[in-house]
Amino acid sequence: MQEIKVTLTTQKKEKPAADKLGFGNYFTDHMFVMDYYADKGWVDPRIVPLANLSLSPAAVVLHYGQEIFEGMKAYHTPAGKAVLFRPEKNMERLNLSADRLCLPKVDEAFCVEAIKKLVAIDEDWIPEGENTSLYIRPFMIGVDAHLGVHPAKHCMFIVIMSPVGSYYKEGLDPVKIFVEQEYVRAVRGGYGFTKTGGNYSASLKSQEKAEGMGYSQVLWLDGVERKYIEEVGTMNVMFKINGEVLTPSLQGSILGGITRMSCLELLRAKGYKATERRISLQEIVDAAHNGTLEEAFGTGTAAVISPIGELIVGDEHIVINNGKIGETAQMLYDTITGIQNGLIPDEFGWVQEVK
Ligand code: COI
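Within any chain, residue numbers begin from 1 and follow the written order of that chain's sequence. For this predicted model, a pLDDT threshold of at least 70 governs which residues receive local features, and a threshold of 80 or more governs which side-chain atom pairs are given and counted, while totals over whole chains, interfaces and linings are taken from all residues. Each side-chain value is derived from all of the structure's non-hydrogen atoms; neither hydrogens nor water enter the calculation.

Draft legend 1. Seen up close, empty space enclosed by the protein. Here a cavity denotes grid points, spaced 1 Å and computed from the protein atoms alone, that fit a 1.4 Å probe unable to get out, and a pocket denotes an open set having protein on both sides within 12 Å along at least 5 of 7 lines; residues with an atom within 4 Å of a point are the lining. Grid points are joined across faces, edges and corners, and a volume is the space filled by probe spheres set on the points. By the definition in use, this model includes two cavities of 30 Å³ or more. Considering the residues around the largest cavity, the lining is formed by 13 residues, among which Tyr75, Phe85, Thr259, Thr301 and Gln340 are closest to the centre. A helix here means a DSSP run of H or I that spans at least four residues, while a strand means a run of E at least two residues long, and both kinds are numbered starting from the N terminus. Looking at which element gives the most residues to the lining of the largest cavity, the answer is strand S5 (residues 72-76), with three residues. For this classification, Asp, Glu, Lys and Arg are treated as charged, while Ala, Val, Leu, Ile, Met, Phe, Trp, Tyr, Cys and Pro are nonpolar and the rest, including Gly, are polar. Partitioned by chemical class, the residues of the lining of the largest cavity number six nonpolar, six polar and one charged. Marked domain ranges trace back to an automatic or database domain assignment. In terms of domain composition, the lining of the largest cavity takes at least three residues from each of domain 1 (5-164) and domain 2 (175-340). The computed volume of the second largest cavity comes to approximately 40 Å³. Lining the second largest cavity, in full, are Glu295, Ala296, Phe297, Pro307, Ile308, Ile320, Asn321, Lys324, Gly326 and Ala329. Of all the secondary structure elements, the ones that give two or more residues to the lining of the second largest cavity are strand S15 (293-300) and strand S16 (304-313). Among the elements that take part in the lining of the second largest cavity, S15 stands out by supplying three residues, more than any other. A class-by-class count of the residues in the lining of the second largest cavity yields six nonpolar, two polar and two charged.

What follows is the structure, encoded as structure tokens:
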């Protein structure tokens, strides 16, 4: 494995109060950087003080969006150990995204080690406080200066970190979600399954519309028939109907969330019936009307488990579980965050210490 050169900052920043964090507003003292050149591969892995980047205004990422990213979190256990949650899954998904966006693949194990080293250096940035964690944002960009539409030959892989609280101001209180029937996020054959900035810029227009009406986020329908449920802006979505947990199957236009995967594994291990399949919006509306829609919730790294208290479908406001968190969402939240924070035994082997 290549050696990671470390240059520590001489100007450590003041840390924000745990109850003022919000999401993604503050950044730690250091970042990890490495460069890729088509003729050399990945070189010069380094941890350096967090600083602005210097890029050509012709850099590929600025014009054609050749970019991918990941989202993961570090936590402190009661024993004071800094831990990561399934980091190898994030690096696996990063390479899946890299393949689709014609970016170079990384050595997954090396990147996990680099992230652990970075977390260990900025460990005092892991916030102590309920519902807080250190959000880790690895990303890769194409930085060649040329305006022809071709994959970059010079790329950068960077990891920055941000102490965060809840993604939604509602915290674990149920959110209101607007079902988007005009715009679409992704189509099969596109890159909806990847974590790339384009998927999120495509969502801004609807997100703004939803927020303007007082709702937290948008629920996307499929891009072809606009009939089947895909995902919410920053999370996957699950429904509980008649005792069975349902979530849209991964068919190329939906992100394969690591929290989604962990919830499915957890549900099945606990004896719940958890099914991945196509789910039409009409099925959800019908279940709400006939009283079998018991719960709805989102799953994601940033959002963790986010109960959905209301779905807005056209003129209809569907209130779910009287606008309260349901037992399945609560169980998943307690179990996942309990494992992440070292409060309950990690029987699945999901948690890794950083040193
Ligand atoms: C995450 O859950 O890590 C995400 O990437 C969502 C983010 C776009 C806020």
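Draft legend 2. Structural context of the domain arrangement of the protein chain. Under the domain assignment, the protein chain is made up of domain 1 (5-164) and domain 2 (175-340). Computed over C-alpha atoms only, the centres of domain 1 and domain 2 are separated by 27 Å. Note on definitions: a residue-residue contact is assigned when non-hydrogen atoms from the two residues lie within 4.5 Å. With 22 residues of domain 1 in contact, the opposing surface of domain 2 contributes 22 residues. Buried area: the sum, over both parts, of the accessible surface (1.4 Å probe) that disappears when the two are put together. At the boundary of domain 1 with domain 2, total buried surface from both sides reaches about 1,900 Å², with 59% on carbon and sulfur atoms. Interface area lost by domain 1 to domain 2 is led by Phe85, Arg93 and Arg100, which between them contribute 32%. A pair is scored as a salt bridge if a Lys or Arg side-chain nitrogen falls within 4 Å of a carboxyl oxygen belonging to Asp or Glu. Our count for the domain 1 to domain 2 interface comes out at one salt bridge. Put simply, the parts of the chain that give the side of domain 1 that touches domain 2 at least two residues each are strand S4 (67-69), S5, strand S6 (82-85) and helix H2 (87-100). With six residues, H2 is the largest single contributor of residues to the side of domain 1 that touches domain 2.

Draft legend 3. Inspection of H2 at higher detail. Here, expected helix span is obtained from the residue count minus one, scaled by 1.5 Å. Its 14 residues place the ends of H2 21 Å apart at the C-alpha level, agreeing with the 20 Å of an ideal helix rising 1.5 Å per residue. Partly exposed residues are those whose accessible area sits between 20% and 50% of the maximum for their type, while under 20% is buried and over 50% is exposed, using a 1.4 Å probe and protein chains only. Residues Pro87, Asn90, Met91, Arg93, Leu94, Asn95, Ser97 and Ala98 constitute the buried set of H2. Residue cysteine 102 follows H2 closely and has a positive phi angle near 55 degrees.

Draft legend 4. Broad picture of unusual backbone geometry. Even without glycine at this site, valine 304 takes up a positive phi of about 60 degrees. Take valine 304: it is sitting in strand S16. Classification of valine 304 as buried rests on a relative accessible area of 15%. Unusually for a residue other than glycine, asparagine 321 sits at a positive phi of about 50 degrees. You can see asparagine 321 is positioned in the loop between strand S17 (316-319) and helix H8 (327-340). The exposure class assigned to asparagine 321 is partly exposed, which follows from its relative accessible area of 31%.

Draft legend 5. Examining helix H3 (residues 108-121) more closely. Along its 14 residues, H3 runs 20 Å from first to last C-alpha, staying within 8% of the 20 Å computed at 1.5 Å per residue. The residue sitting at the N-terminus of H3 and contributing the capping side-chain oxygen is aspartate 107; that oxygen lies 3.2 Å from the backbone nitrogen of alanine 109. We define a polar contact as two N or O atoms separated by no more than 3.5 Å, with the added condition that, inside protein, one atom must be a possible hydrogen donor and the other a possible acceptor, whereas residues neighbouring each other in sequence contribute only through side-chain atom pairs.

Draft legend 6. Region of the structure containing the site of the ligand. Neighbouring residues of the ligand: Phe69, Gly71, Tyr135, Arg137, Tyr167, Lys195, Tyr200, Thr234, Thr301 and Ala302. A distance of 3.3 Å is found between an oxygen atom of the ligand and a backbone nitrogen or oxygen belonging to threonine 301. The protein chains shown are the only cover counted for residues, whose accessible areas, like all others here, come from Shrake-Rupley with a 1.4 Å probe. Coverage of the ligand by the protein amounts to 91% of the 290 Å² it exposes when considered alone. Tallied by class, the residues present in the shell around the ligand amount to five nonpolar, three polar and two charged. A domain-level breakdown of the shell around the ligand finds at least three residues from each of domain 1 (5-164) and domain 2 (175-340). Definition of nearness: a residue and a molecule or strand are near each other if at least one heavy atom of the residue lies within 4 Å of the molecule or strand.

Draft legend 7. Here's a closer look at a nonpolar patch on the surface. Among the surface-exposed residues, Tyr64, Leu147 and Val149 lie close enough to one another that they form a single nonpolar patch of about 320 Å² accessible area. Mapped onto the elements of the fold, leucine 147 is located in the loop between strand S7 (133-142) and strand S8 (154-164). Assessed through its relative accessible area of 53%, leucine 147 is described here as exposed. Patch definition: residues above 30% relative accessible area lacking any salt bridge, with like charges linked at up to 9 Å and the nonpolar side chains Val, Leu, Ile, Met, Phe, Trp and Tyr linked at up to 5 Å.

Draft legend 8. Main features of the nonpolar core. One finds Phe32, Val119, Ile136 and Phe157 to be the most contacted residues of the largest nonpolar core, which totals 36 residues. Going through the elements one at a time, strand S2 (30-37), strand S3 (41-49), S5, S6, H2, H3, S7 and S8 are the ones with two or more residues in this core. For this core, the element with the most residues is H3, which contributes seven residues. Filtering out sequence-adjacent residues up to four positions away, isoleucine 136 remains in contact with Glu70, Gly71, Met72, Lys73, Ala74, Leu84, Ile115, Val119, Val159, Ile160 and Met161. We call a set of buried Ala, Val, Leu, Ile, Met, Phe, Trp, Tyr and Cys residues a nonpolar core when their side-chain atoms join them within 4.5 Å. Listed in part, the 26 residues of the second largest apolar core include Val237, Ile241, Leu281 and Leu311.

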